[in-house]
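# Survey of secondary and tertiary structure
The chain contents come next:
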Amino acid sequence: MAIKNVCVIGLGTMGMGAAKSCIKAGLNTYGADISDKALEVLKEAGAVKVAKNAAEFADELEAVQVLVVNAAQANTVLFGANEDGVAYKLKAGTPVMVSCTMGAADAKAIDEKLAALGLPMLDAPVSGGGVKANAGAMTVMASGKPETFEVLKPMLDAISGNGGKVYNVGVEAGLGATVKIVHQLLAGVHIAVAAEAMAMAAKAGIPLDTMYDVVTHAAGNSWMFENRMAHVLKGDYTPLSAVDIFVKDLGLVTETAKALHFPIPLASTAYSMFTNASNAGYGREDDSAVIKTFAGITLPEKQ
């Protein structure tokens, strides 16, 4: 029988979008987060039940997606400090889709812990931002057993079936995590170089709206330039994805490259740029705020 009772743990920008997409798809959706406000928002959107710890209703669930920030948080919500995490309360055989960005070693370790409890895991990081998450158009980079993909199909369809895509990158845990890390290398470098280009334009006295229009209609454009530099033009650094997220993600890129003995000169520079921005006090601002670290330029202010 197809799964109906699903839970999203971690109701930030991406998790909230995923949960709402599950509701829209007709799934009985549960949600868990430490934020009372997030729980209230999801409940009003039509969630069956919400709680700070999904263990409260774990025996009702048929599938779980974990969309917290990192491996440490994933371990906390799944296993807890004293075996009070949701994993110990789920029925054997309940699939767990772990969708946060983490290193391959962490993904493998979580997979082993879940397997010991009789819970199959899909190593399934996602991309697309809040807009695509809300639209049910996420890109999912997943690895796991074919039967786990099949059981989770209703949930995967809900979060990606409206223009997104699910990639099956292999059977072993860690493969999905690695694909996401390579993707984040590109995303981080694109944001950093977009900021550098716009800062250079500002230094040269070129109107930034003109520069933006030229680039977005020419070969130098990228999705990240078009999306993030629009934030700069508005002077709006509301954190849809924060600077500190890329400090974390490019840190994972660095660790992965070190394990592979592989050089990453551009990603290393981008990592330094985001770390510098965080150190300057912009860590909780939108990742486009990396542009603020360039001296001698005037940026648009929020109207």
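Our subject is the structure listed above.
Described below are features of the structure shown in this document. What you see is a predicted model, and the numbers here were worked out from it, not measured in a lab. Per chain, the residues get numbers from 1 upward, laid out in the order the sequence is written. Per-residue local features are limited, in this predicted model, to residues with pLDDT of at least 70; the limit for side-chain atom pairs, both in listing and counting, is 80 or more; totals at the level of whole chains, interfaces and linings are taken over all residues. Computation of side-chain values: all heavy atoms of the structure, hydrogens and water removed.

Moving on, we come to the overall build of the chain. Counting its secondary structure elements, the chain contains 12 helices and 9 strands. Radius of gyration means the value over C-alpha atoms here, while the globule rule gives 2.2 Å times the residue count to the 0.38 power. By the compact-globule yardstick of 19 Å for 303 residues, the chain fits well, its C-alpha radius of gyration being 20 Å. Seen along its three principal axes, the alpha-carbon backbone of the chain occupies a region of about 60 × 45 × 35 Å. A total of 303 residues make up the chain; the buried ones form 48% of that total. Only DSSP runs of H or I covering at least 4 residues are called helices, and only runs of E covering at least 2 are called strands; the numbering of each starts at the N terminus. For every residue, the accessible area obtained with a 1.4 Å probe (protein chains only) is divided by the maximum for its type, and the residue is called buried under 20%, exposed over 50%, and partly exposed between those limits.

Turning our attention to the packing of aromatic side chains. Within 6.5 Å between ring centres, the rings of Phe, Tyr and Trp (the latter by its six-membered ring) count as paired, and their orientation is classed by plane angle as stacked under 30 degrees, edge-to-face over 60, tilted in between. One pass over the structure, following the stated rule, counts 4 aromatic pairs. The interplanar angle of 25° and the centroid separation of 5.4 Å between the aromatic rings of Phe246 and Phe274 together place this pair among those described as stacked. A residue pair is termed long-range when its members are at least 10 positions apart, and Phe246 in helix α11 (residues 243-260) and Phe274 in helix α12 (residues 265-282) qualify at 28 residues. Each member of the pair, Phe246 together with Phe274, is buried. In this arrangement the basic side chain of Lys292 is found over the ring face of Tyr237, its NZ or CZ atom lying 4.1 Å from the centre. The criterion for a charge sitting over a ring is simple: Lys NZ or Arg CZ within 6 Å of the ring centre, and within 35 degrees of the ring normal.

This part takes up the sheet that holds strand β8 (residues 139-142). If DSSP finds at least two bridges between two strands, the strands pair. Here 3 strands make up an open sheet; going across it, the order is β7-β8-β9 and the pairing mixed. Either end of the sheet is taken by a strand with one partner, and the two such strands are β7 (126-127) and β9 (165-168). Contact between two residues is taken to exist if any of their heavy atoms lie within 4.5 Å; hydrogens are not considered. To obtain an axis, a line is fitted to C-alpha atoms, over the contacting stretch when the element is a helix, and the angle between two such axes runs from 0 to 180 degrees between their N-to-C directions. Strand contacts of helix α8 (residues 175-203): β7 and β8, with the helix running at about 130° to β8, the strand carrying the most contacts.

Now for a nonpolar patch on the surface. A cluster of nonpolar residues, Tyr167, Val169, Leu175 and Val179, forms a patch on the protein surface that exposes about 280 Å² of accessible area. Structurally, the position occupied by Tyr167 is in strand β9. Like-charged residues within 9 Å of one another, or nonpolar side chains (Val, Leu, Ile, Met, Phe, Trp, Tyr) within 5 Å, are grouped into patches, provided each residue has over 30% relative accessible area and no salt bridge. Methods summary: accessible areas were calculated by the Shrake-Rupley approach with a probe of 1.4 Å, and residue burial reflects only the protein chains presented. The salt bridge definition used is simple: a Lys or Arg side-chain nitrogen within 4 Å of an Asp or Glu carboxyl oxygen.

That's the geometry; what it means functionally is another story.
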